[in-house]
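# Results of the structural survey
Residues per chain, in single letters:
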Number of protein chains: 2
Amino acid sequence: MEGTTVADTAQTATRVVSAADRVQRPQARTLERREAVLQAAMQVFGARGYNKGALVEVAEQAGMTHAGVLHHFGSKEGLLIAVLKYRDGIEVAGVEAREQAEGPSFLSHIIETVAENTHRPGVVQTYAVLSAESVTDGHPAQEYFRDRTTVLREKIAGVLGEVTEGHASRQDLLDAASTLIAVMDGLQVQWLLDPDAVDMPRIVTKTLDELVDRLMSGAAAPSAVERANALVDPTGR
Amino acid sequence: MEGTTVADTAQTATRVVSAADRVQRPQARTLERREAVLQAAMQVFGARGYNKGALVEVAEQAGMTHAGVLHHFGSKEGLLIAVLKYRDGIEVAGVEAREQAEGPSFLSHIIETVAENTHRPGVVQTYAVLSAESVTDGHPAQEYFRDRTTVLREKIAGVLGEVTEGHASRQDLLDAASTLIAVMDGLQVQWLLDPDAVDMPRIVTKTLDELVDRLMSGAAAPSAVERANALVDPTGR
DNA sequence: GCACACTTACTTACAAGTCAGTAAGTCACT
DNA sequence: AGTGACTTACTGACTTGTAAGTAAGTGTGC
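A few points on the structure. (Residues numbered from 1 in each chain as written. Chains lettered and ligands numbered in written order. Predicted model: local features only at pLDDT ≥ 70, side-chain atom pairs only at ≥ 80, totals over all residues. Heavy atoms only, no water.)

## Some details on the pattern of salt bridges
Two side chains bearing opposite charge may form a pair once their charged atoms approach each other closely. Our working rule: The term salt bridge refers to a pairing of a side-chain nitrogen on Lys or Arg with a carboxyl oxygen on Asp or Glu at a separation within 4 Å. The rule is simple: take the accessible area with a 1.4 Å probe, protein chains only, and divide by the maximum for that residue type; under 20% is buried, over 50% is exposed, in between is partly exposed.
Within the structure shown, the criterion is met by 20 salt bridges over all chains. Of the charged contacts, one joins B:Arg29 and B:Glu32 as a salt bridge, the two residues approaching to 3.3 Å between their closest N and O atoms. Taking the relative accessible area as the measure of exposure, B:Arg29 reaches 57% and is therefore exposed. With relative accessibility at 48%, the residue B:Glu32 sits in the partly exposed group. Residues participating in the shared-partner salt-bridge network are A:Asp172, A:Asp175, B:Asp199, B:Arg202 and B:Lys206.

Encoded structure:
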């Protein structure tokens, strides 16, 4: 399978970045082999979950044995962490390509990401499965997801604050951010179970619009429960 | 296998319901033993997930061996299904005690349930973990959660339709229902990871209020992304 | 009201498989 | 020549599920 040829050797020296920040110097194709493993792991963990996803399956899909995978990542847990960081890396790279999350335009980035996710169920599944699995006792990705959520909430609240220009309290901003994150995450599960039942981009967009509009208005919506009760008993018991 | 004897023959005529469709009569304490297993299973599956939750642990917590558990439920998968149905049973019983989901008052029931859930992290975790795990390939609870979500969405959309009295289209009602479900599910994960970071009842209530208010108004909120862009470039590029 | 036939509710023991991780060796690059 | 990238081979810890046995129930006929 491996056809490492003379051609490879010629250009290893040309790359400045090659072994720059690595602790140990890897061979020419190492980086792409590691990446192949990471992609395989994303797919397997997404399809089966971290607990049920076996290293042999990851290894097979990356074209090596499971011991080879362990050679690169030390342990299954190490692989998980690497997958998570890799995913972040990809996402950041994607954002950077567009524009690195400058204030208000971060909102359109969110919408775009949701729309894109519609075409990559694998990525969505990996994230949805792992994030929920992470709440189990002693799960290795627990801290990762807790931190990630906190940072994201803070970030979204900040952007919403900019957009609404001081019309809303910090608490309302944080609540709105939590709501938006919850809608995105919750919809993913619904969508994975039944892709035709929900239109993720439309619903997330609507939610965001309503959230911002409400934040701007400064007033809370009337109680839905009271409205409902009034319907049942118009006299107002 | 069947030892149909003369004794049987003598009385088969007396009973209309004969051995053929006999349900199996359990002994006196069987029901509570089964329930002990179900409770143990809820706890273990919640804490560890279905895949990692071992039968031995469930059995231990119920005070028997894992073979005893299999005697009652046939297989691990059978136990999972039983747990899910058991959970529904409890919930239905709770609803019935209050009032069986009559139209508009279903909304206050939702809010009450969310508030109650704040005091039973175990139940929340079981649901959150299993529902997300169910999206993995060939998971035994997949159909259960798909159906459950569909029914719930339809139900909520129906109630929202009653409350808003024809002000909204069916699509908008379904979207609002999906949103509400997503918020509840998504918040649960955030809350499990960091209980102090989100106030579930408050946020769900707010979301419901805003959803109903928006549905009543009939008009969509202005685009948040456009508002944000206007901020960055007020000329309107 | 008691013996007999049979079932239920388990237990212990085991089979069979899966999985992460390790040790030692091979081979290609550098 | 030495290090990095593997493979092969193996171990040990866990799994679920099955088989076989046992004690305690349950219902029936007499």
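## Some points on the side chain of B:Glu133
Residue and element names in this part refer to chain B. Rule in force here: Only DSSP runs of H or I reaching four residues or more are called helices, and only runs of E reaching two or more are called strands; each is numbered from the N terminus. Charge counting treats Lys and Arg as positive and Asp and Glu as negative, with His and both chain ends excluded. Polar contacts, as counted here, are pairs of nitrogen or oxygen atoms within 3.5 Å of one another; within protein the pair requires one atom able to donate a hydrogen and one able to accept it, and residues that are adjacent in sequence qualify only if both atoms are side-chain atoms.
With respect to the element layout, Glu133 can be found in helix 7 (residues 121–133). Summary of buried charges: Glu133 has no salt-bridge partner, and the nearest side chain of opposite charge, Lys76, is 7.4 Å away. From its side chain, Glu133 meets the backbone nitrogen of Tyr50 in a polar contact 2.9 Å long.

## A few points about the relation of the copies chain B and chain A
Keep this limit in mind: The copies were overlaid with a least-squares fit restricted to C-alpha atoms from residues scoring a pLDDT of at least 70 in each copy. In what follows, a contact means two residues having at least one pair of non-hydrogen atoms within 4.5 Å.
Once chain B has been moved 0.0 Å along the axis and rotated by 180°, it coincides with chain A to within an RMSD of 0.1 Å. What we have between these two chains is a two-fold relation. Here 100% of the contact residues of chain B are again contact residues in chain A; the copies associate through an equivalent surface.

## Describing the interface of chain B and chain A
To keep things clear, this is the line we draw: Throughout, buried area stands for the accessible area (probe radius 1.4 Å) lost by two parts on being put together, summed over both. All amino acids are sorted into three groups, where Ala, Val, Leu, Ile, Met, Phe, Trp, Tyr, Cys and Pro are nonpolar, Asp, Glu, Lys and Arg are charged, and the leftover types, Gly among them, are polar.
Facing the 66 residues of chain B at the interface are 66 residues of chain A. Summing both partners gives a buried area of about 5400 Å² for chain B against chain A, and 61% of it is carried by carbon and sulfur. For chain B, the biggest contributors to the area lost against chain A are B:Val135, B:Gln190 and B:Leu193; these three give 12% of the whole. In this structure, the connection of chain B to chain A is made through 10 salt bridges. As a salt-bridge pair, B:Asp213 and A:Arg214 come within 2.9 Å of each other at their nearest N and O atoms. Counting across the interface, chain B meets chain A through 24 residue pairs in polar contact (both at pLDDT 80 or more). The biggest single contributor to the side of chain B that touches chain A is helix 9 (residues 170–193) of chain B, with 14 residues. For the side of chain B that touches chain A, the residue count by class is 31 nonpolar, 18 polar and 17 charged.

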